[in-house]
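Observations on the three-dimensional arrangement
Next come the chains, spelled out residue by residue.
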Amino acid sequence: FTRDQTGDERAAWVAALLYAASPYLIRQSVSFMEVTPTIALLIAATWRIRRIATASHAAAAGILLAAVMLTRMSLAPVALFGIVLIARRDGAPRALVAAGALAVCVGPWMAFSRSTEGSALPARIGDNLYVSTSTLAEPIVPRYNVDLLMPLVDDIVRDEMARRGVVTYRRIDGDRLLLGLTAEYVRAHP
């Protein structure tokens, strides 16, 4: 891809070696995480976006961008800017086809999430901020993966909900609680 984009064989080798020898990617390649397939999907989407000659190419780009979003929702801005890039390079009709394909793929998941979790987007903002910005995180970050804290965070949410008299709650409610605890911590430790 780099060779095709730049016309430079040396740049292509540097890109390939950086990808192959990235310590983060090597570590993640043996982990059961979404990082490895997400990177492969990003490369495929980038490859498809570079030339959109037909409506089917635009639809394929939209499907790949949707797969990126469904694999890792934090990459939604990448997918949306992919649509913008298609519009700039190949025109609004191709961008609309890509956006439509993306919406057909992502829309049902968002509707399901909204009906089951109370939020169309993943209810993890509070989780992510709390595990990386709290007194719990101080001895952990950056040496260890903050996901080690998740069982403890689940206990904190359950205990706080019980203290408030809430027996049944949705994931979004726990996430909002953690977001509030994070905001309190940040105010106390600017």
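Notes on the structure in this doc start here. Note that this is a predicted model, so its numbers are computed, not measured.

Describing the overall build of the chain
- Summing up its helical and strand segments, the chain has ten helices and zero strands in all.
- Mapped from its N terminus to its C terminus, the chain presents α and β elements in the order α-α-α-α-α-α-α-α-α-α.
- In summary, the chain has a C-alpha radius of gyration of 21 Å against a globular reference of 16 Å for 190 residues, an excess of more than 25%.
- For the chain, the spread of C-alpha atoms along the principal axes amounts to about 60 × 40 × 30 Å.
- By residue count, 29% of the 190 residues in the chain fall in the buried class.
- A fraction of 54% describes how many contacts in the chain between residues 6 or more apart in sequence connect residues 24 or more apart.
- For the chain, the accessible surface area stands at approximately 11,800 Å², while carbon and sulfur atoms represent 64% of it.
- In the chain, the 20 positive side-chain charges and the 16 negative ones have mean positions that sit 8 Å from each other.

Digging into the nonpolar core
- Counting 17 residues, the largest nonpolar core has Leu 65, Met 69, Ile 86, Leu 102 and Val 106 as the members making the most contacts within it.
- Top contributing element to this core by residue count: helix 5 (residues 55-71), with five residues.
- Beyond its immediate stretch of four places on either side in the chain, Met 69 contacts Ala 76, Ala 79, Leu 102 and Val 106.
- Among the nonpolar cores identified, the runner-up in size contains twelve residues, and Tyr 130, Val 131, Leu 136 and Leu 177 belong to it.

Some points on the side chain of Thr 38
- Locating Thr 38 in the fold gives a position in helix 4 (residues 35-49).
- By relative accessible area, which is 6% here, Thr 38 ends up buried.
- Residues in contact with Thr 38, not counting those within four places in the same chain, are Thr 71, Arg 72 and Leu 75.

A few points about the packing of aromatic side chains
- Applying the stated criterion across every chain, the model contains one aromatic pair.
- Ring plane angle 50° and centroid distance 5.7 Å describe the contact between Phe 1 and Trp 47, whose orientation is recorded as tilted. Here the residue Phe 1 occupies a position in the segment before helix 1 (2-6), and Trp 47 occupies one in helix 4, the gap between them amounting to 46 residues.
- Among the residues examined, Phe 1 registers a relative accessible area of 36% and is labelled partly exposed.
- In this arrangement the basic side chain of Arg 50 is found over the ring face of Trp 47, its NZ or CZ atom lying 4.0 Å from the centre.

Observations regarding the environment of Met 73
- With respect to the secondary-structure elements, Met 73 resides in the loop between helix 5 and helix 6 (76-90).
- Using a relative accessible area of 13% as the deciding quantity, one classes Met 73 as buried.
- In this structure Met 73 touches Val 106, Trp 109, Leu 121 and Pro 122, once residues within four positions along its chain are discounted.

Overview of the pattern of salt bridges
- One pass over the full model with this rule turns up seven salt bridges.
- Between Asp 4 and Arg 50 there is a salt bridge, with its nearest N and O atoms 3.7 Å apart. On the criterion of sequence distance, the pair formed by Asp 4 in helix 1 and Arg 50 in the loop between helix 4 and helix 5 is long-range, its members being 46 residues apart.
- The class of Asp 4 is partly exposed, set by a relative accessible area of 41%.
- Measuring nitrogen to oxygen at the nearest pair gives 3.9 Å for the salt bridge that ties Asp 173 to Arg 176. Here Asp 173 and its partner Arg 176 are both found in helix 10 (residues 171-188), three residues apart, which amounts to about one turn of the helix.
- Residue classification places Asp 173 among the partly exposed residues on the basis of a relative accessible area of 23%.

Cut-offs used in this document
Residues numbered from 1 in each chain as written. Predicted model: local features only at pLDDT ≥ 70, side-chain atom pairs only at ≥ 80, totals over all residues. Heavy atoms only, no water. Helix = DSSP H or I, 4+ residues; strand = E, 2+ residues; numbered from the N terminus. Rg over C-alpha atoms; globule rule 2.2 N^0.38 Å. Buried < 20%, exposed > 50% of the residue type's maximum accessible area, 1.4 Å probe, protein only. Contact = heavy atoms within 4.5 Å. Areas by Shrake-Rupley, 256 points an atom, 1.4 Å probe, with all protein chains shown as cover. Lys, Arg positive; Asp, Glu negative; His and termini not counted. Charge placed at Lys NZ, Arg CZ, Asp CG, Glu CD. Core = buried A, V, L, I, M, F, W, Y, C linked by side-chain atoms within 4.5 Å. Phe/Tyr/Trp six-rings, centres within 6.5 Å; stacked < 30°, edge-to-face > 60°. Lys NZ or Arg CZ within 6 Å of the ring centre and 35° of its normal. Salt bridge = Lys/Arg side-chain N within 4 Å of Asp/Glu carboxyl O.

Note that every value here comes from positions in space, so none of it alone points to a role or purpose.
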